[in-house]
Amino acid sequence: MLPPRLSRRARRKAGMKAVAARQERAKVKEQIATGDLFFFDLFTDERKSVTRMKLIDLLQAVPGIGQVRAEIIFDRTGISPSRRIGGVGKRQLELLRQEFLLMKNSRRSGKLLVVSGPSGVGKSTITNNLRSDDRFWISVSATTRNIRTNEVDGIDYHFVSSDRFNEMIEGKEFLEWADFAGAKYGTPKQPVAEALANGKNVILEIELNGARQVRKNSNDAVLIFIEPPSWEVLKSRLINRGTESEQSTQARLDRAKEELSAAVEFDHILINHRVEDSVAELVSLALA
Ligand code: 5GP
């Protein structure tokens, strides 16, 4: 039997109700993120808009949790991320409380630091200086671009085929990924989660679109933008580096303009006059 047809007025009323519910859900999420609403109070909240919300959406919004830590919690408790707030049982609630307690009592867990900025600005040189510092862990991205002569597979990048990269996307193995100057780049999620859980400050050296994805999904990430002292300096660094074809250099310069205008979206801007100073500034931001 077909469902009864709604009158235009009833349809409008239903539409308005849906909008109001959406707005209420967004407000609850915001209140969790700002700390105005305590996560565990949600489980005694009888509003339909709350009971129907997915656990993953709210857990990720809790200050200090974000996407990566939320995934660790789901893994450890075995609770399904798509479970609705109203469907969380007593035992699961207890497991969640234990995880929160563990997080609070565990030694300070690491920060997620995103270092971004135009190609050629010196991001890798800066972050490479922290490789031997055991307070930090530098993420190794996967990429489909060709390996350069001075690079080592597994250290600079995991160089993979397009097919393998697509498999990793399908398998939801990336924290973020993006297309850049004709190749794909992505941050493998699992090693980042492990390093954070081990108390390391994790550094992702990624381009703008990737940084935006991390911002959206991890509200506790610290985003740092590296700027060149001037456009001319950037241009000559990129050209003199001699690692790219003329076409790739041009693509990178075109992208650089777009990236530079997005610096305001970041938490901190660091001008790379001298590598040593930039490294020191990065360390102090990380440990602040
Ligand atoms: P390159 O080809 O010069 O090594 O890198 C090109 C750009 O891709 C750089 O801006 C670099 O920061 C960025 N990149 C490297 N790894 C990743 C990644 O995992 N994700 C994203 N979104 N960008 C990346």
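No experiment lies behind these values; they were computed from the predicted model shown.

With that out of the way, let us pick up the site of the ligand. Around the ligand, the surrounding shell holds 17 residues, and the nearest of these are Lys-123, Ser-141, Tyr-157, Tyr-185 and Glu-207. Interatomic distance of 2.6 Å between a side-chain N/O atom of Tyr-157 and an oxygen atom of the ligand. With respect to the ligand, the side chain of Glu-205 contributes an N or O atom lying 3.0 Å from an oxygen atom. Contact with the protein chains covers 96% of the free accessible surface of the ligand, which is 510 Å².

On to the sheet that holds strand β6 (residues 183–188), then. Pairing is mixed across the open sheet formed by four strands, whose spatial order is β4-β3-β6-β5. Each edge of the sheet is formed by a strand with only one pairing partner; in this case those strands are β4 (158–159) and β5 (174–180).

Moving on, we get to the nonpolar core. Formed by 24 residues in total, the largest nonpolar core has its most connected members in Phe-39, Leu-42, Phe-43, Leu-55 and Leu-96. Take this core: its biggest share by element is four residues, from helix α3 (residues 55–61). Every residue in contact with Leu-42, bar those within four places of it in the chain, is listed here: Val-28, Ile-32, Leu-37, Val-50, Leu-58 and Ile-85.

For the coordinates displayed, the defined rule picks out 20 salt bridges. For Glu-99, the salt bridge is made with Arg-76, and the minimal N-O distance between the two is 3.1 Å. With a gap of 23 residues between them, Glu-99 in helix α5 (residues 90–105) and Arg-76 in helix α4 (residues 66–77) connect regions that are remote in the sequence. Here Arg-212 and Glu-265 are joined by a salt bridge, their closest N and O atoms 2.7 Å apart.

A positive phi angle is found at Lys-172, which is not glycine, with a value near 55°. Within the secondary structure, Lys-172 is located in the loop between α7 (162–170) and β5.

Before going further, it helps to examine the packing of aromatic side chains. Summed over the entire model, instances satisfying the criterion amount to twelve aromatic pairs. An angle of 80° between the planes, with centres 6.1 Å apart, marks the rings of Phe-180 and Tyr-185 as edge-to-face. Note on Phe-180: relative accessible area 7%, which makes it buried. The exposure class of Tyr-185 is buried, given its relative accessible area of 13%.

How each quantity is defined
- Residues numbered from 1 in each chain as written.
- Predicted model: local features only at pLDDT ≥ 70, side-chain atom pairs only at ≥ 80, totals over all residues.
- Heavy atoms only, no water.
- Near = heavy atom within 4 Å.
- Polar contact = N/O pair within 3.5 Å; in protein donor to acceptor, adjacent residues only side chain to side chain.
- Areas by Shrake-Rupley, 256 points an atom, 1.4 Å probe, with all protein chains shown as cover.
- Pairing = 2+ DSSP bridges.
- Helix = DSSP H or I, 4+ residues; strand = E, 2+ residues; numbered from the N terminus.
- Core = buried A, V, L, I, M, F, W, Y, C linked by side-chain atoms within 4.5 Å.
- Buried < 20%, exposed > 50% of the residue type's maximum accessible area, 1.4 Å probe, protein only.
- Contact = heavy atoms within 4.5 Å.
- Salt bridge = Lys/Arg side-chain N within 4 Å of Asp/Glu carboxyl O.
- Phe/Tyr/Trp six-rings, centres within 6.5 Å; stacked < 30°, edge-to-face > 60°.

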